[in-house]
Amino acid sequence: MGEWRLKPEDVDDIAVGAAVLGAGGGGDPYLGKLMARRVLERGAEIVLVDPDDVDDESFIVAPAFMGAPVTMFEKLPSGAESVKVIKILEGFMNKSFDYLTPIEAGGLNSTIPLYVGGVTGRTLIDGDGMGRAFPELQMVTFHLYGVKATPMALADEKGNGVILDTIDNYWAERIARMVTVRMGGWASIAIYPMEGRIYKKAVIPKTISKAAEIGRELRDAKNSGRDPVDALLEAAGGFKLFEGKIVDVSRWTEAGFAKGRVEIEGLGDYKGRRMIVDFQNENLVARIDGEVVASVPDIISILDMETGEPITTERLRYGFRVVVAGIPCDPKWRTPHALEVVGPRYFGYNVNYVPIEERIKVLAY
Amino acid sequence: MAGYRVGIDVGSTNTDAVIVDRKGGLVYAVKTPTTSDVTSGLLKALKQVVEGSGVPPEEIVSVNFGTTHGLNAIVQRQGLLRVGVIRIGLPATRIVEPMADWPADLREAVGGLVAMVRGGFEYNGEEIAPLDEDAVRRAAEQFKTMGAEAVAITSVFSPVRPDHELRAAEIVSDVMGEVPISLSHTIGSIGLLERENATILNAAIIGVMRRVIEAVRGTMEELGLEHAKLYVAQNDGTVIAAEYAEKYPILTVVAAVSNSIRGAYVLTGLKDAIVVDMGGTTTNVGVLEHGFPRESSLAAEIGGVRTSFMMPDFVAIGVAGGSVVKVRGEEVIVGPESVGYELVTKGIAWGGNVMTATDIALALDRMSIDDPRCDPERPKRLIPRDIAEKAYSYIVSRVEEAIDKIKTKPDPMPVVLVGGGSDMLPRKLAGASEVIRPEGAQSANAIGAATAMIGATIEKTFNYEYTPRPRALEEAKREAMNRAIEAGADPSTLEVALVEEIAIPYLPGNIVKVRVKVAGQARL
């Protein structure tokens, strides 16, 4: 595809599209979007290339933010921490990074790498390690292909930097989590350093352009009068699972996780039926009248019926008219090994994963 | 009988004014069209209600008004003060400078004077960096040279620890002398950009608020009301002393919605209900919870700027008394265009040629209007029955939809209808356990203003590991009480109306946002 130079409206489209792919998680992308747009306004360029255009020998790292979004929305970044993590990791590894890759398509971390690419002048790759949003560091396709999360770097806005070298990716998650707390609730990170050779096998390609397309279709639909939900489903390759009104939202804390459940009463073609979606940061399992119709790692996205705008799990509320969309995850998530990392059982559900395309066939009868 | 109170509420279509007696009973009401400058209509309503009521001026103890002056100034970018903006937080926060996400014309209208200095706190109350006092002083000197008329100061995590904001304010006063200073911890909650935006807007509309208060005081003098106290309605359904409103005008920008909700409580005595306020242009549907408007927790946009401050939770729909009815083939749509106060010249029942929601209601005998110029036979003759019925069911279903949206539970609740247009609504609505339209419903907003208590709502963030819960709650209540006293309340009458605790997720320790609302009687 050659090089793709982002325009300001591309940044907005990516934020919206990534929120759709984010399955209700990842937090409000507003701040990341603002940061990326500010970089463009200051004259920097944000350039993306296709994974196919990346050399086997090139060296790649994933910049991201880790921690509690609430603290980040209050103590905003300085900007320098994102550059620092790259620099100290390069120093430690005595190598320089040729490319940056987004790690997830969802919420804040979908737009933060655009900022880092712009401010460090490094080229980004149009791909990521999730194709959606997930809550933990090891829930990336890079992990499935044996890439180590460490050495990884963390930095705060004051200039403190930390390099982690752990025995496995689960330990990376635990120790990094602790460091973010000490740094004030969040930290800038650079993680999963790897070569182009393995990256090209492990990456979920074209997630950024896919997010941009979803966002653009939604924007165009608003201007042209086309039904935004239809436009969005077509761009995302997703299915309409349900349509109705939220009649109950319950939230509780379990083993340190904010969990919840939303109950939706059917409208229109779905009248008389009831959907329940369980979530934990992201939407995990959707059932109609007790029967599972979609589950993680497929993407379950709850959209405003009128505008098609995705609604994050923390904003779900009684009375919203919504469409529940199911979007197939990348095939890399569908192997038995991958399902051990991100399947419904990892999240504590006694549910077998069945790809959404198959579940939807049953649903049609 | 002394103890009469005047209430005035400026709406987008009409300005309402009432006089109530000591017990809150309605004595006299007037309605005049809202003027484009707002102030002249407000003063006219004040004059008319005082002179028309025949109540001796010396028996009037207070004038309470709610107005859209602040909101209009922001939306129209007019009459805003030049604000010097200080953000305390470096090295954090450098990435997005203050007002970076504002529309350019609004940023220009407030002057764009910005200084970012070192300081601020972490979520747990540790310092990010010591406050750079020299930098604050230099900023103040520069603001002074550049002619700043107000200053807005925002520090990172000031809702947890306001120390740096307070110290910076001392330095600014020292350098600039008499200049209004707005501090973010007194205005908003966690979420730096939204709180900072609200603080800057607060500083920018101080001038507008001072002018309207001065104008109202002038008219009060003419009317022999110089002894009466002056209060301004705030967003949460209570009022604050005029001197206090001059410091925190942002607290008053969306008061109109709350006045009506509070008025519904005064007129019915219902503490928990849904309130449908149908005016000329919009219908606002809000909720009474424990006798006060339920507040919203979502960020709200004002004039194109994301802000966070206490606001009533409501759903607004563009279907109301003056809404224009359009026929498109089989479909009949009502609103959102409205003839507003021109209903009485353009409406069919008034001899005009615009089909409005009011004409539909008159045609179907759903409403009666006490106005000799209004001829209900005209719409009956001119509007085909099927179109009238379609339009009417459209109106009802839109209102029912809004009622459902504002609810948090499916259980039916009592619905109170207020506002001039609401007489057209049926006394049975989906989702309602009962539908009540109390006497005085058309002046509920002004009655809500006239009878409002003095109140204060504060939001503070605590780490319960750092400050044990009982001490934290005590501290929050004390602060709310102090603010209510500052706003004009009689301390002996103050009661806690609401205590809410919201845990902040993903943080270690036990970080909780505490919201306390207190209300009491005016210190007269």
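Bear in mind the structure is a predicted one, so any value in this text is a computation, not a measurement.

What counts, and at which threshold
Residues numbered from 1 in each chain as written. Chains lettered and ligands numbered in written order. Predicted model: local features only at pLDDT ≥ 70, side-chain atom pairs only at ≥ 80, totals over all residues. Heavy atoms only, no water. Salt bridge = Lys/Arg side-chain N within 4 Å of Asp/Glu carboxyl O. Helix = DSSP H or I, 4+ residues; strand = E, 2+ residues; numbered from the N terminus. Buried < 20%, exposed > 50% of the residue type's maximum accessible area, 1.4 Å probe, protein only. Core = buried A, V, L, I, M, F, W, Y, C linked by side-chain atoms within 4.5 Å. Domains from an automatic or database assignment. Contact = heavy atoms within 4.5 Å. Nonpolar A, V, L, I, M, F, W, Y, C, P; charged D, E, K, R; others polar. pLDDT = per-residue confidence, 0-100. Expected span 1.5 Å × (residues − 1). Pairing = 2+ DSSP bridges. Axes fitted to C-alpha atoms, helices over the stretch in contact; angles between N-to-C directions.

### Brief notes about the pattern of salt bridges
Any two side chains of opposite charge can pair, on the condition that their charged atoms come close.
Line of reasoning, step 1. Under the definition given, this model contains 59 salt bridges over all chains.
Line of reasoning, step 2. Among the salt bridges present, the one from Arg321(A) reaches Asp404(B), with a minimum N-O distance of 3.2 Å. Linking Arg321(A) in strand β17 (residues 321-327) with Asp404(B) in helix α13 (residues 385-406), this pair reaches from one chain into another.
Line of reasoning, step 3. The class of Arg321(A) is partly exposed, set by a relative accessible area of 23%.

### With respect to the nonpolar core
Line of reasoning, step 1. Val6(B), Leu46(B), Phe65(B), Val216(B) and Ile250(B) are the most contacted members of the largest nonpolar core, which has 86 residues in total.
Line of reasoning, step 2. Top element by residues in this core is helix α7 (residues 206-222) of chain B. It accounts for seven residues.
Line of reasoning, step 3. Looking at this core, you find at least three residues from each of domain 1 (81-204) and domain 2 (453-520) of chain B.
Line of reasoning, step 4. Setting aside residues up to four positions removed in sequence, Val216(B) forms contacts with Leu42(B), Leu43(B), Leu46(B), Phe65(B) and Leu230(B).
Line of reasoning, step 5. Formed by 68 residues, the second largest nonpolar core is a distinct cluster that contains Leu40(A), Leu233(A), Ala236(A) and Tyr123(B).

### Here we look at the interface of chain A and chain B
Line of reasoning, step 1. Counting residues at the interface gives 34 residues for chain A, matched by 40 residues for chain B.
Line of reasoning, step 2. For the pair chain A and chain B, the interface holds eight salt bridges.
Line of reasoning, step 3. Residue Glu122(B) is joined to Lys158(A) by a salt bridge in which the shortest nitrogen-to-oxygen separation is 2.4 Å.
Line of reasoning, step 4. Sorting the residues of the side of chain A that touches chain B by element identifies α2 (30-41), α3 (69-74), α7 (169-182) and β11 (239-254) of chain A as the ones contributing at least two each.
Line of reasoning, step 5. Of the residues assigned to the side of chain A that touches chain B, the class counts are 15 nonpolar, seven polar and 12 charged.

### Focus: the confidence of the model for chain B
Line of reasoning, step 1. When the pLDDT values of chain B are averaged, the result is 91; 98% of them are 70 or greater.
Line of reasoning, step 2. For this predicted complex, the interface confidence score (ipTM) comes to 0.87, while the overall pTM stands at 0.88.

### Quick word on helix α1 (residues 8-21) of chain A
All names here are of chain A.
Line of reasoning, step 1. With 14 residues, α1 ought to run about 20 Å at 1.5 Å a step, and its terminal C-alpha atoms sit 20 Å apart, in line with that.
Line of reasoning, step 2. Taken across its 14 residues, α1 has 10 buried, putting it largely inside the fold.
Line of reasoning, step 3. Note on α1: the residue one or two positions beyond its end, Ala 23, has a positive phi of about 55 degrees.

### Quick look at the sheet that holds strand β6 (residues 113-118) of chain B
Residues and elements named next belong to chain B.
Line of reasoning, step 1. On the basis of which strands lie adjacent, the open sheet formed by four strands has the order β6-β5-β7-β8 and parallel pairing. Of all the strands in the sheet, the pair left with one neighbour each is β6 and β8 (181-183). Averaged over neighbouring strand pairs, the angle between their axes works out to 20 degrees when direction is ignored.
Line of reasoning, step 2. Bridge count for strand β5 (residues 83-90) against β6 is six bridges, and the pairing is parallel. Pairing of Ile 86 across the sheet is with Ala 115, part of β6.
Line of reasoning, step 3. In this fold helix α5 (residues 163-176) packs onto β5, β7 (150-155) and β8, with an angle of close to 155 degrees to the strand it touches most, β7.

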